[in-house]
Every structure is written in structure tokens, then in C-alpha cells.
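Okay, here's what each chain looks like letter by letter:
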Amino acid sequence: DVKVTQSSRYLVKRTGEKVFLECVQDMDHENMFWYRQDPGLGLRLIYFSYDVKMKEKGDIPEGYSVSREKKERFSLILESASTNQTSMYLCASSLLYEKLFFGSGTQLSVL
Amino acid sequence: AQSVTQLDSQVPVFEEAPVELRCNYSSSVSVYLFWYVQYPNQGLQLLLKYLSGSTLVKGINGFEAEFNKSQTSFHLRKPSVHISDTAEYFCAVSVDAGNMLTFGGGTRLMVKP
């Protein structure tokens, strides 16, 4: 089975801190995605990557950046965390034109 | 750009009753349609998808959905639900066969004994 692992299930940070969310997949997938999930809003795409060192903005990239130095790892970075970035963050990976496999999510609270 | 509307944020239903979760979409081009399910404390997993062909699509766990192009809908149905179907269900659309998904707001299905 494909495994997408997110490093933390729960994370509490303070306003202004730099935050790293890590995601690792074990199936050699080309595509990796970061979504945030908010009640009533569903999932919104933050960034995605089709290849190593490649990144594309999604629908809500403001306040976020990403890094993909290795194929299996895709990191989401909050340069200066703010309270409106409190959310559930979901990482996903896929082969081209195949279904997405999701991690279990990281619930981030910014105080 | 495309958008997805899930008309019900919560659907309570008794065990063994039928259920329909509604999904409508808008797009200026042809779309591909998906339903994902999220069980408590888990990531999303694919329930079913419509890419082409028959408009009635069968998925895992006894769910099915029907693509209706004239009504721009892709409603999810199950004839008899179980307690274990309690989860959040997300409808999604894509214009590129599945990589760039636009999700609806989700519907929480609550199955009661």
C-alpha cells in the first residue's frame, strides 16, 4: 500500500514563528500536493509539485512556500505563522493522472 | 475556473436506510468527477470517479454515483448505510483527469443506530 506520512499529527506554534510541515511518500510518485482543510470550505490547494525542485502555486499560496529537494519529500513552510493559518494541513501524492493518496493530516494551531 | 457545491453540510440517517449526498459543479469545459471519503482521524481516500463512458459509476463499499451533464450534478448514493459509513464525503472536479482537483465543502454523513 502507498504510504504518505506527515511528520506531526498535532502542532502548536506561536505567531511569527517559522513552521515546517514535512511529508514523505514511499511510492516514487511524481506529483505531490499540499492542501489545507477548513470546516465548510473543503480542501483548498496551496502548492503542488510535478517533479524535484519544481513547484507551482495552487489556489491559496499567500503566506506559504514549499521545498522539494528529493522526490519522496515535500515540505510546506510558513515563513511567519499567523493565527489565520490555524488549520488542518493535508499532504497528497499521485502518479500522473492517477488517484491521490493522502496523509493523515497535521492539525496546526497558531496562538 | 470550476467550482463544486455540496448542498448539505450534514446528513443524519438511520442505519440500513438509503442515502443520497448531493454534488453540483460548474465549469466551462468538460470535467472529470470524483468522490473522496475521510474517516475520522484519517486522510482522504478515493471512493469512485467518473472519467468517461457509463454515467453510472460504482465505487467501493457499495457506493455509486451518477453523472448528469444537463443538471451538472454527480450525486452519491448508497441503498443501505452502515454505522461504519459515518465519515465526511468530498466531491471534487478536475479538468485534467485527476491531478488538479477542486473540492466541495464536504458533507458529514452521520449514521445512527
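Criteria and thresholds
- Residues numbered from 1 in each chain as written.
- Chains lettered and ligands numbered in written order.
- Predicted model: local features only at pLDDT ≥ 70, side-chain atom pairs only at ≥ 80, totals over all residues.
- Heavy atoms only, no water.
- Helix = DSSP H or I, 4+ residues; strand = E, 2+ residues; numbered from the N terminus.
- Buried < 20%, exposed > 50% of the residue type's maximum accessible area, 1.4 Å probe, protein only.
- Contact = heavy atoms within 4.5 Å.
- Phe/Tyr/Trp six-rings, centres within 6.5 Å; stacked < 30°, edge-to-face > 60°.
- Lys NZ or Arg CZ within 6 Å of the ring centre and 35° of its normal.
- Pairing = 2+ DSSP bridges.
- Axes fitted to C-alpha atoms, helices over the stretch in contact; angles between N-to-C directions.
- Disulfide = S-S within 2.5 Å.

(A) Seen up close, the environment of Leu 45 of chain A. Looking at the element boundaries, Leu 45 of chain A is found in strand β5 (residues 42-49). The exposure class assigned to Leu 45 of chain A is buried, which follows from its relative accessible area of 2%. Once the C-alpha coordinates of Leu 45 of chain A and Ile 60 of chain A are considered, the two residues, 15 residues apart in sequence, prove to be 6.4 Å apart. Sequence-distant contacts of Leu 45 of chain A, that is, excluding residues within four places in its chain, are made with Phe 33, Trp 34, Tyr 35, Gly 58, Asp 59 and Ile 60 of chain A together with Met 100 of chain B.

(B) Up close: the packing of aromatic side chains. Under the defined criterion, the tally for this structure stands at 13 aromatic pairs over all chains. The interplanar angle of 40 degrees and the centroid separation of 6.0 Å between the aromatic rings of Tyr 35 of chain A and Phe 102 of chain A together place this pair among those described as tilted. Taken together, the residues Tyr 35 of chain A in strand β4 (residues 31-38) and Phe 102 of chain A in strand β10 (residues 101-102) connect sequence positions 67 residues apart. Summarising the burial analysis for this pair, Tyr 35 of chain A and Phe 102 of chain A share the class buried. Aromatic rings pair up to connect Phe 33, Tyr 35, Phe 48, Tyr 50 and Phe 102 of chain A together with Tyr 36, Phe 90 and Phe 103 of chain B into one cluster. Between the NZ or CZ atom of Arg 9 of chain A and the centre of the ring of Tyr 10 of chain A, over which it lies, the distance is 5.4 Å. Cation over ring: Lys 112 of chain B sits above Phe 14 of chain B, and NZ or CZ is 4.7 Å from the ring centre.

(C) Local environment of the sheet that holds strand β7 (residues 64-70) of chain A. Residues and elements named next belong to chain A. Reading across from one edge, β1-β3-β8-β7 is the order of the 4 strands in this open sheet, with antiparallel pairing throughout. Sheet topology places β1 (4-6) and β7 at the edges, where each strand pairs with a single neighbour. Sheet twist, expressed as the average angle between the axes of neighbouring strands with direction ignored, equals 20 degrees. The pairing of strand β3 (residues 19-25) with strand β8 (residues 73-78) spans 6 bridges and is classified as antiparallel. Opposite Leu 21, over in β8, you have Leu 76 as the bridge partner.

(D) Highlighting the state of the cysteines. All names here are of chain A. Applying the stated rule across the entire model yields 2 disulfides over all chains. The disulfide that involves Cys 23 links it to Cys 91, with 1.9 Å between the sulfurs. Torsion about the S-S bond of the Cys 23 and Cys 91 cystine: about -80 degrees, corresponding to left-handed handedness. Placement of the pair is Cys 23 in strand β3 and Cys 91 in strand β9 (residues 87-94), with a sequence separation of 68 residues. The exposure class assigned to Cys 23 is buried, which follows from its relative accessible area of 0%.

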